[in-house]
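So the chains spell out like this:
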Amino acid sequence: LQKKFYRNQNIPTVYFEEFENLEQVKERIIKGELSFPFVWKSAEMGYDGYGVAIVNSNKEIEGLNTGPCLLEELVPLEKELSVIVCRRPSGETVHYPVVESEFHPTANQLEYVLCPARISEQATKKAIEVALQTSEAYGQIGLLAVELFLTHGGEILVNEVAPRPHNSGHFSIEASYTCQFEQHIRAVCDWSLADCKRKNNIIMQNLIGDDIEKVDELSKMSNVAIHIYGKTEVKPGRKMGHFNKIVDVEV
């Protein structure tokens, strides 16, 4: 539904096709109408890298969910980016700085975020334009995290959105004059939105699974703010918290 929305609203996104089941995908491959590699995404219940796979061979297809899915073109990427946009009912809209996201190569799960992103002014301007266009198209009230691809050719493409405070916005707690959580409350209450400008350069890193055991070590480091989510059970791949590291130079 997201992908079709982007297509209908002329929002730039990666080329995709829908399939009712995995057998349809296999038939298209046998006919020579599909070629490797491509990105497989489950049509439902995908999050934190679950329900997403880069498929390089017939063997890798066998491990996928057999239900409805979509296939995306595997686009050569220079960076993965994110822009947090905030909008109130009166129409006032603000946005946070463009950040750069780094993902685990196989789990497809966000590992850390760099604020600001290491991209050109032109790419920054384009990313913000596309993020604002996406927020306006949705008529979003509150926060909208717009996750983007920057291609080697300089294109900005929307990958997906999240209508809430978002993992890629946690940097704002120490990096921005107003964090994403306060901004979200201001927006849904239709209060004036506050300053999103950056006051610090930040590296935000997730604490995933057993990473939570590093807290004592991290607490001894300077310019590090640790945020623990209070989850009682540690599981592999589960986000247990994150920390923000303030850095003196442009990241």
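Each remark here, short or long, concerns the structure printed above.
Residues numbered from 1 in each chain as written. Predicted model: local features only at pLDDT ≥ 70, side-chain atom pairs only at ≥ 80, totals over all residues. Heavy atoms only, no water.

### A word on the nonpolar core
In step 1: Leu-81, Val-98, Leu-148 and Val-158 are the most contacted members of the largest nonpolar core, which totals 20 residues.
In step 2: When contributions to this core are tallied by element, the ones reaching two or more residues are strand 5 (77–87), helix 4 (121–138), strand 9 (142–151) and strand 10 (156–162).
In step 3: Of all the elements, helix 4 adds the most residues to this core, at 5 residues.
In step 4: Ignoring sequence-local partners within four residues, the contact set of Val-98 consists of Leu-81, Ser-82, Val-83, Pro-116, Ala-117, Ile-119, Thr-124, Ala-127 and Ile-128.
In step 5: By size, the runner-up hydrophobic cluster in this structure holds 18 residues, among which are Leu-110, Val-113, Cys-196 and Met-204. (Core = buried A, V, L, I, M, F, W, Y, C linked by side-chain atoms within 4.5 Å. Buried < 20%, exposed > 50% of the residue type's maximum accessible area, 1.4 Å probe, protein only. Helix = DSSP H or I, 4+ residues; strand = E, 2+ residues; numbered from the N terminus. Contact = heavy atoms within 4.5 Å.)

### Details of the sheet that holds strand 4 (residues 69–73)
In step 1: A sheet is described by the order of its strands in space; here 4 strands give the open sequence 1-4-2-3, paired in antiparallel fashion. Pairing within the sheet leaves two strands with one partner each, and these edge strands are strand 1 (16–19) and strand 3 (52–55). Ignoring which end each strand starts from, the neighbouring axes of this sheet average 25 degrees apart.
In step 2: Packing against the sheet, helix 2 (residues 22–30) makes contact with strand 1, strand 2 (38–42) and strand 4, and its axis sits at approximately 125 degrees to strand 1. (Pairing = 2+ DSSP bridges. Axes fitted to C-alpha atoms, helices over the stretch in contact; angles between N-to-C directions.)

### A short note on the packing of aromatic side chains
In step 1: In this structure the tally under the stated criterion is 5 aromatic pairs.
In step 2: Both rings, one in Tyr-6 and one in Tyr-138, keep their centres 6.5 Å apart while their planes meet at 90 degrees; by these two values the pair is edge-to-face. Of this pair, Tyr-6 sits in helix 1 (residues 2–8) while Tyr-138 is found in helix 4, placing the two residues 132 residues apart along the sequence.
In step 3: The partly exposed category is assigned to Tyr-138, whose relative accessible area is 31%. (Phe/Tyr/Trp six-rings, centres within 6.5 Å; stacked < 30°, edge-to-face > 60°.)

### Topic: the pairing of strand 2
Side-chain positions along a regular strand alternate between the two faces of the sheet.
In step 1: Within strand 2, 4 of the 5 residues are buried, which leaves it mostly tucked inside the rest of the structure.
In step 2: As defined by bridge partners, strand 2 adjoins strand 3 across 4 bridges and the pair is classed as antiparallel. Each residue of the ladder has a partner; that of Lys-41, found in strand 3, is Val-52.

### Observations concerning the environment of Gly-91
In step 1: Inspection of the secondary structure puts Gly-91 in the loop between strand 5 and strand 6 (93–95).
In step 2: For the pair Gly-91 and Asn-65, spaced 26 residues apart in sequence, the C-alpha to C-alpha distance is 41 Å.

### What about the side chain of Thr-134?
In step 1: Take Thr-134: it is sitting in helix 4.
In step 2: From its side chain, Thr-134 meets the backbone oxygen of Val-130 in a polar contact 2.8 Å long.
In step 3: Aside from chain neighbours lying at most four places away, what touches Thr-134 is Tyr-6, Ile-11, Leu-144, Val-146, Val-158 and Val-161. (Polar contact = N/O pair within 3.5 Å; in protein donor to acceptor, adjacent residues only side chain to side chain.)

### With respect to helix 6 (residues 180–188)
In step 1: Among all positions of helix 6, only Gln-180, Gln-183 and Ala-187 are buried. Summarising the axial view, the buried residues of helix 6 lie within an arc of 60 degrees, below the 170-degree limit, and thus occupy one face.
In step 2: Where helix 6 is buried, its residues meet strand 5, strand 6, strand 9 and helix 5 (172–175).
In step 3: Two residues or fewer past helix 6, Asp-190 is found with a positive phi of approximately 60 degrees. (Arc of directions from axis to C-beta.)

### What to know about unusual backbone geometry
With the exception of glycine, most residues fall at negative phi, and the peptide bonds are largely trans.
In step 1: Omega for the bond connecting Phe-36 with Pro-37 falls within 30 degrees of zero, at -10 degrees, which places this linkage in the cis form.
In step 2: Examined against the element boundaries, Pro-37 turns out to sit in the loop between helix 2 and strand 2.
In step 3: Here the residue pair Cys-115 and Pro-116 is connected by a cis peptide bond, since its omega of 5 degrees sits within 30 degrees of zero.
In step 4: Its place among the elements puts Pro-116 in the loop between strand 8 (110–115) and helix 4.
In step 5: One non-glycine residue with positive phi stands out, namely Asn-10, at about 60 degrees.
In step 6: Structurally, Asn-10 is set in the loop between helix 1 and strand 1.
In step 7: Looking at Asn-10, the relative accessible area reads 64%, which means it is exposed.
In step 8: One non-glycine residue, Asn-223, adopts positive backbone phi at about 55 degrees.
In step 9: Turning to its location among the elements, Asn-223 is positioned in the loop between helix 7 (215–219) and strand 12 (224–228).

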